[in-house]
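Below, each chain spelled out in residue letters.
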Amino acid sequence: MAERVLLRASNLTKRFGALVAVNNLSFQVKEGEIFGIAGPNGAGKSTVYNLLTGVYPFEGRVEFEGREIAGLPPHKIAHMGIARTFQVPQIFASLTVGECVDVGSRFGCPGGYDRAYTSEMLDFVSLTDQKDRPTEQLNLLGKKRLMIGASLATKPKILMLDEPMAGSNFKEIQQLMDLIKKINQDLGITIIIIEHFMKVLTELTKTLLIIETGTEICCGDPVEVTANPKVIQCYLGDAYAEN
Amino acid sequence: MDGKRRILIMAVVFGLVALLPIFFGGSKVIMHILIMCLIWSVVASCWDLIMGFAGIFSFGQVAFFVIGAYASAIFSLRLGVPPIISTFLAGAVAAAVGVLVALPCLRLKGAYVALVTFAVHMILAPFLKSNMGRAIGTGGAQGLLTIPPISLFGYTFQNAEPIPFFYLTLVVAVICSLIIILVIMSHWGTAFLTLKDSEDFARALGVSALRYKLMVFALTSFLTGMIGGFYGHYVGMLSTRMLGIDLFVTLMIMLVIGGVGQYPGAVLGAFFTVTINEMLAPVGSYRPLILGAMVLILVLALPDGVVGLIRSLFNLGGRGARAGGRMK
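How each quantity is defined
Residues numbered from 1 in each chain as written. Chains lettered and ligands numbered in written order. Predicted model: local features only at pLDDT ≥ 70, side-chain atom pairs only at ≥ 80, totals over all residues. Heavy atoms only, no water. Salt bridge = Lys/Arg side-chain N within 4 Å of Asp/Glu carboxyl O. Helix = DSSP H or I, 4+ residues; strand = E, 2+ residues; numbered from the N terminus. Buried < 20%, exposed > 50% of the residue type's maximum accessible area, 1.4 Å probe, protein only. 1 Å grid on protein atoms, 1.4 Å probe; cavity = no way out; pocket = protein on both sides within 12 Å on 5 of 7 lines; lining within 4 Å. Points joined across faces, edges and corners; volume = space filled by probe spheres on them. Nonpolar A, V, L, I, M, F, W, Y, C, P; charged D, E, K, R; others polar. Expected span 1.5 Å × (residues − 1). Contact = heavy atoms within 4.5 Å. Buried area = accessible area lost by both parts, 1.4 Å probe. Polar contact = N/O pair within 3.5 Å; in protein donor to acceptor, adjacent residues only side chain to side chain.

> Would you take a moment to explain the pattern of salt bridges for this structure?
Side chains bearing opposite charge may pair, as long as their charged atoms lie close to each other. Residues and elements named next belong to chain A. Scanning the entire structure with this criterion turns up 13 salt bridges over all chains. A salt bridge links Glu 203 to Lys 181; the shortest N-O distance between them is 3.0 Å. Of this pair, Glu 203 sits in helix α7 (residues 198–204) while Lys 181 sits in helix α6 (residues 170–186); the two residues are 22 residues apart in sequence, bridging distant segments of the chain. Since its relative accessible area comes to 25%, Lys 181 is described here as partly exposed. Here the salt bridges do not stand alone but share partners, grouping Arg 4, Glu 31, Glu 65, Arg 67 and Lys 157 into one network.

> How do you make sense of the layout of surface pockets when you look at a structure like this?
Residues and elements named next belong to chain B. Taken as a whole, the largest pocket holds about 1,000 Å³ of empty space. Along the walls of the largest pocket sit 26 residues, with Arg 241, Asp 246, Leu 247, Asn 277 and Arg 287 positioned nearest its centre. The set of elements that each furnish at least two residues to the lining of the largest pocket consists of α2 (28–53), α10 (209–235), α11 (245–258), α12 (265–279) and α13 (287–301). Looking at the lining of the largest pocket element by element, the count peaks at seven residues for α11. Residue composition of the lining of the largest pocket, grouped by class: 15 nonpolar, seven polar and four charged. If you add up the space inside the second largest pocket, you get close to 480 Å³.

> Is there a simple way to think about helix α5 (residues 140–152) of chain A in this case?
Along an α-helix, residues three or four positions apart point the same way, because every turn accommodates 3.6 residues. Between the first and last C-alpha of α5(A) there are 18 Å, a value that for 13 residues agrees with the 18 Å anticipated at 1.5 Å per step. Extensive coverage of α5(A) is indicated by the burial of 11 of its 13 residues. For α5(A), the full list of buried residues reads A:Leu141, A:Gly142, A:Lys144, A:Arg145, A:Leu146, A:Met147, A:Ile148, A:Gly149, A:Ala150, A:Ser151 and A:Leu152. Check the buried side of α5(A) and you find it contacts β6 (82–84), α3 (97–108), α4 (115–124), β7 (158–162) and α6 of chain A together with α9 (199–204) of chain B.

> Would you mind going over the interface of chain B and chain A with me for this structure?
Many structure descriptions define interface size as the accessible area lost when the parts assemble. Counting residues at the interface gives 22 residues for chain B, matched by 26 residues for chain A. Contact between chain B and chain A buries roughly 2,100 Å² in total, counting both sides, with carbon and sulfur atoms accounting for 66%. On the surface where chain B and chain A come into contact, there are zero salt bridges. In this assembly, chain B and chain A are joined by five residue pairs in polar contact (both at pLDDT 80 or more). Residue assignment for the side of chain B that touches chain A shows that the elements contributing at least two residues are α8 (187–197), α9 and α15 (319–323) of chain B. If one sorts the elements of the side of chain B that touches chain A by residue count, α8(B) sits on top with seven residues. Its residues placed into classes, the side of chain B that touches chain A shows nine nonpolar, six polar and seven charged.

In structure tokens, the structure reads:
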């Protein structure tokens, strides 16, 4: 049986004045997969997330479960089942860890507030013992777990992670990779991940999209994609691509 | 600090205030000061809610107060609406203006919101004095005189008899404080805090920035406008003098002393500032200088205000404690 396409982006284009940040980009994410997006700094990866989550208006189409989401505000897109995290951890400094995860369930969960599920998600991201602590007291890994936990509390169908490994050491990267796999396998949530660490992407993803200056270079199996001369050239320059 | 503790503190504060006429009821001056303390405590609390909790740099609080005062006076003077009803109508007018002001502010952040809202403050006085203002009954440069007092169940609350008016004001201030506490502790309060701390993440988690920002503007301008109308019926006359910079700065001092985002600090700040302001009356032109120096010292020594100090001394955590001192 063919896998169902959960999210389909067609001819996405975003211009900031004369700068074309995303240029005619098309891709599709199948239900249950982990889909990777990579590219050099400034390639437009985070802009793609901002387009998919309603932060910026754009040209083109985005369909989620067959429904057009272009023009919807971010909170409505969240209610549809699209959650995201940010490259720089965003936390609510005025709240405790437990309250922060609660926000996802209280405001983003389409079925209404679910206290039991909130506790479950706190446990899922291993923060139950810290639920009464102010969020600011968490370390970087804790803040990343918290962002993911709050996003999961919205009961998303798709979770978009923006460079979750940034600033992490090898041990933390392994822990985060395990968490991402668990989210995908145990909760059945489709994941899109933007990442710079190719090892992470080749290990986690089923499909990898490489973009540069907002344009697709190639898309497909991560092992094949990383061996593509165009990708090597884009990351390491002409000399490496020729070798 | 949880809701029950907040309500307990407010019950103690307002309970003690309720006893004051026993000792000072004979002095009209002191009773007037107490009434003004209660009125300004509502305005300062509303400002704290929008700025300290929702993180919106609205500088239009005095403008909403004056809009409410004028609206209630016009309703009662020109249309014959009973003052007790016109104060609520004035709240509705201020809320409508608040929502109109909020709409352009939704696309702005930080200092730009302050500029837009302060622009409303700045244009209000010329508008009230203009022919357009006169046409709607503002009285132009002369202002409004002979504003009728509030009557309730056949009793008229004259400012010449301050004790009954004091208790009426106390009831209004208690109701407003309860509303503010309930909002802070409800999911509205949570939404306000999330939008203040990280609007992008809050929206990604399903918080509607449009809805909650409009709500906080509407609620705070409603309560401020209503208490403004109440003030107009208490003093009996209005002029655009209130829109001078003095009152705006005094209100800001109330917040700084109490602690921004440290509710019920704003209430304590209002009582402290109004009292000190009156006590400094004999020093005349040195009053702003002394007040200014006091604010400078307090900001440096107590960045989270008096309530922030109390919280840290007694290790009281909670929503208010973390809400304060993180203005963006």
